[in-house]
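Below are the chains, spelled out letter by letter.
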Amino acid sequence: MRMKQAYPSAFGLLAPCLVLLSWLGTSLLVHSATPEEIGLKIATDASDKDEGFGNFTATQAMVLRNKQGQESRRQLRVKVLEVNGDGDKSLMVFDEPRDVKGTALLTHGHKQKADDQWLYLPALKRVKRISSSNRSGSFMGSEFSYEDLSTPEVEKYTYRYLRDEPCGDLTCTVTERFPVDKKASGYSRQVVWRDKGELRTWKVEYYDRKDAHLKTLTIGKYQQYLDKYWRAEEMTMVNHLTGKSTVLTWADYQFRTKLKKRDFSKTGLKRAR
């Protein structure tokens, strides 16, 4: 039997050309975008990728180390509520040691205006509002400031793409972000490393208002939840001025629990358990 000769279709002949044209178009688009536009897109894509988690709870161990390596340990519980159209709400409550037990930090994040934060001090039985000017202060003696504990909403910064570079086994984008409201931030800028695949943050360098390298945050041991959302199990903040560091170890993540907005109210802060 004579075999029928197979001829390539017109699409088959054009396909490599179409792929090439598509690649060239994408390449030209990327190369025509400014570093500011690329930086903004990376930040926006990373934020969009994490939308829809709803809420979660977790436990957190905090280890404070001084320059000599001496340690003090604390245990906390964390609750986070996603808010459509605005920043997230979060509540951090200390369980140990006894001298800080019951201390709680409530944060109402915002996309445009400055975040609202309140600290409940059980020894004084009162709620203290954290003013914008005090958000650069140390949170409970740690190397994390009150500002560091807020979600870095996209709208609060301008951006600039710097470069791609290896970070471990991954390739990361390196971008800068600059606070829009300079009075509301203790930093002149931050440099952020994100992997190109999942857009997870692996490192952040913080520069003070004099543009000196003040602190570095390294993040690791990511786990994925609900087949979509990545959360880190370890965060280490090093203060280059003092030589001190703070390690946060996260565990027991639980997503889409029965948390409600009323669980994050200022009036209920004293009853946080």
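Structural notes, computed from the coordinates. Every value quoted in this text rests on a predicted model; they were computed, and no experiment measured them.

About the thresholds
- Residues numbered from 1 in each chain as written.
- Predicted model: local features only at pLDDT ≥ 70, side-chain atom pairs only at ≥ 80, totals over all residues.
- Heavy atoms only, no water.
- Core = buried A, V, L, I, M, F, W, Y, C linked by side-chain atoms within 4.5 Å.
- Buried < 20%, exposed > 50% of the residue type's maximum accessible area, 1.4 Å probe, protein only.
- Helix = DSSP H or I, 4+ residues; strand = E, 2+ residues; numbered from the N terminus.
- Contact = heavy atoms within 4.5 Å.
- Polar contact = N/O pair within 3.5 Å; in protein donor to acceptor, adjacent residues only side chain to side chain.
- Phe/Tyr/Trp six-rings, centres within 6.5 Å; stacked < 30°, edge-to-face > 60°.
- Lys NZ or Arg CZ within 6 Å of the ring centre and 35° of its normal.

**Description of the nonpolar core**
At step 1: Of all hydrophobic cores here, the largest spans 36 residues; its most connected members are Phe56, Phe139, Leu217, Met235 and Trp250.
At step 2: When residues of this core are traced back to their parent elements, those giving at least two are β1 (55-65), β2 (71-81), β3 (89-96), β9 (187-195), β10 (201-208), β11 (213-225), β12 (229-239) and β13 (245-255).
At step 3: In terms of residue count, the dominant contributor to this core is β11 (5 residues).
At step 4: Setting aside chain neighbours within four positions, we find Phe56 in contact with Val78, Lys79, Val80, Arg231, Trp250, Tyr253, Gln254, Phe255 and Leu259.

**Remarks on the side chain of Arg200**
At step 1: Relative to the assigned elements, Arg200 resides in the loop between β9 and β10.
At step 2: Looking at Arg200, its side chain comes within polar contact range of the side chain of Asp195, at 2.9 Å.
At step 3: When neighbours within four sequence positions are excluded, Arg200 is seen to be in contact with Leu170, Trp193, Arg194, Asp195, Tyr222 and Trp230.

**Section: the packing of aromatic side chains**
At step 1: By the definition in use, this model includes 14 aromatic pairs.
At step 2: Where Tyr253 meets Phe255, the ring centres are 6.3 Å apart and the plane angle is 25°; that geometry is what we call stacked. An identical accessibility class is assigned to Tyr253 and Phe255; each is buried.
At step 3: Feature note: the residues Phe53, Phe56, Tyr225, Tyr229, Trp250, Tyr253 and Phe255 constitute an aromatic cluster, connected by ring pairs.
At step 4: Here the basic side chain of Arg189 rests over the ring of Tyr207, its NZ or CZ set 3.9 Å away from the ring centre.
At step 5: Looking at Arg200, its charged tip hangs above the ring of Trp230, at a distance of 4.4 Å from the centre.

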